[in-house]
Amino acid sequence: VTLNLFDIEEEEVFTSKVSLRIINSLKGMSQLNVENNLYLCGSEEGASIGSFLLKLDNTKGMTSTVSIMINAQYSHVYPSMIHVPKNSILVVGGKRQEKCEQFDITNSKWKYLPDLPEERYHSTLIMDNNKKYVYLFGGFCHNKDSQSKDNNKNCNEILRLNLENMMIWEKLLVVQGKELLERNSCGVVNSSDKDNIVYILGGKDNNKEITDDIIECDIKKRTAKKMTSKLKHKSSFINQQGVCVSATTFVLFNKKANVHRINITSFD
């Protein structure tokens, strides 16, 4: 497996080979960067042994070591992942999956989370600046009313989980621009100086077209609008949460391994 390493200061991409001895395919896995460690979690469709969780330690530069962690209980095909306080990773949903789990990195233990109200995969998770809530944007779910063989549809409702009680995923009513949220495999970043503003980057729309759109979502007002600014390339993203370089600058990789260095102060 080829691993891309991005040097933020030099803005150079290096490649490294990593041997995954027990897994022939990474299909169905999502990835998350946590303090220079890359976590991969997921399973191939139809798997009955839960989901693999792998940790790639990138702190040693070009020499990456792989650790096989404890399997998740459920099969998560392209789940959403996010690092939250108390050093835990949330693994949310997946293809034909509403189950959610939390992995405690410090103690290497899994525990259950409330189910999603609907299936979501290729979605994007982000945490608010106060670290009280996580929000789930976009992604696919299966359209039960469709007779078509390819009956996926992009979701336009925002789901929210309170990290303090973790009781239920709430559906947030979007009062304006709801159709702009109908996309999957987006990037997403917080605004550092506006507590309630999230920028949704690129992704695929309902026509399966990859976009270069930048959508500004005001969570408090429940509105979304398209910005005049565009991405440099039409892109769907591998690392859907931007790696924070500074308060206003983020780095993301799209699925063609292009690097997006994004300064949110330039959006208009």
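The coordinates are above.
Throughout this document, residue positions are counted from 1 along each chain, in the order its sequence is written. Given that this is a predicted model, residues contribute local features only at a pLDDT of at least 70 and side-chain atom pairs are listed and counted only at 80 or more, while totals for whole chains, interfaces and linings are drawn from all residues. Hydrogen atoms and water are omitted, and side-chain values are computed over all heavy atoms in the structure.

(A) Region of the structure containing the environment of Lys-131. A run of DSSP states H or I qualifies as a helix once it reaches four residues; a run of E qualifies as a strand once it reaches two. Both are numbered from the N-terminal end. Relative to the elements of secondary structure, Lys-131 occurs in the loop between strand S11 (124-127) and strand S12 (133-137). Sequence separation of Lys-131 and Glu-164 is 33 residues, and the distance between their C-alpha atoms is 9.3 Å. Two residues qualify as a contact provided that any one of their heavy atoms is within 4.5 Å of a heavy atom in the partner residue. Setting aside anything within four residues of it in sequence, one finds Lys-131 in contact with Pro-85 and Leu-163.

(B) Quick look at the sheet that holds S11. Note: two strands are recorded as paired if DSSP finds a minimum of 2 bridges between them. Reading across the sheet, the four strands line up as S11-S12-S15-S16 and stay open at both edges, with antiparallel pairing between neighbours. Strand pairing shows two members of the sheet lacking a second neighbour, S11 and strand S16 (169-172), which therefore form its edges. Each adjacent strand pair in this sheet contributes to an overall mean axis angle of 25 degrees, direction not counted. With four bridges connecting them, strand S15 (residues 158-162) and S16 associate as antiparallel partners. Bridge pairing in S16 links Arg-160 to Glu-170. Each axis is a line fitted through C-alpha atoms, and for a helix only the stretch in contact is used; angles between axes span 0 to 180 degrees, taken between their N-to-C directions.

(C) How the structure looks around the packing of aromatic side chains. For Phe, Tyr and Trp, where Trp contributes only its six-membered ring, two rings pair if their centres lie within 6.5 Å, and the inter-plane angle classes them as stacked under 30 degrees, edge-to-face over 60, or tilted in between. On inspection of all chains with the given rule, the structure shows five aromatic pairs. Taken together, a centroid distance of 5.9 Å and an interplanar angle of 50 degrees make the contact between Tyr-74 and Tyr-112 tilted. Taken as a pair, Tyr-74 in the loop between strand S6 (65-68) and strand S7 (80-84) and Tyr-112 in strand S10 (residues 109-113) lie far apart in primary sequence, 38 residues in all. A residue is classified by how much of its surface remains accessible, and Tyr-74, at 24% relative accessible area, is partly exposed. Per-residue accessibility, obtained with a 1.4 Å probe over protein chains only, is compared with the maximum for each type, and a residue is labelled buried under 20%, exposed over 50%, and partly exposed between these values. A relative accessible area of 56% places Tyr-112 in the exposed class. Taken together, a centroid distance of 6.1 Å and an interplanar angle of 50 degrees make the contact between Tyr-133 and Tyr-135 tilted. You can call Tyr-135 buried: its relative accessible area is 5%. Here the guanidinium or amino end of Arg-160 rests over the ring plane of Tyr-133, the centre of that ring lying 4.2 Å away. Criterion for a charge above a ring: Lys NZ or Arg CZ within 6 Å of the ring centre, and within 35 degrees of the ring normal.

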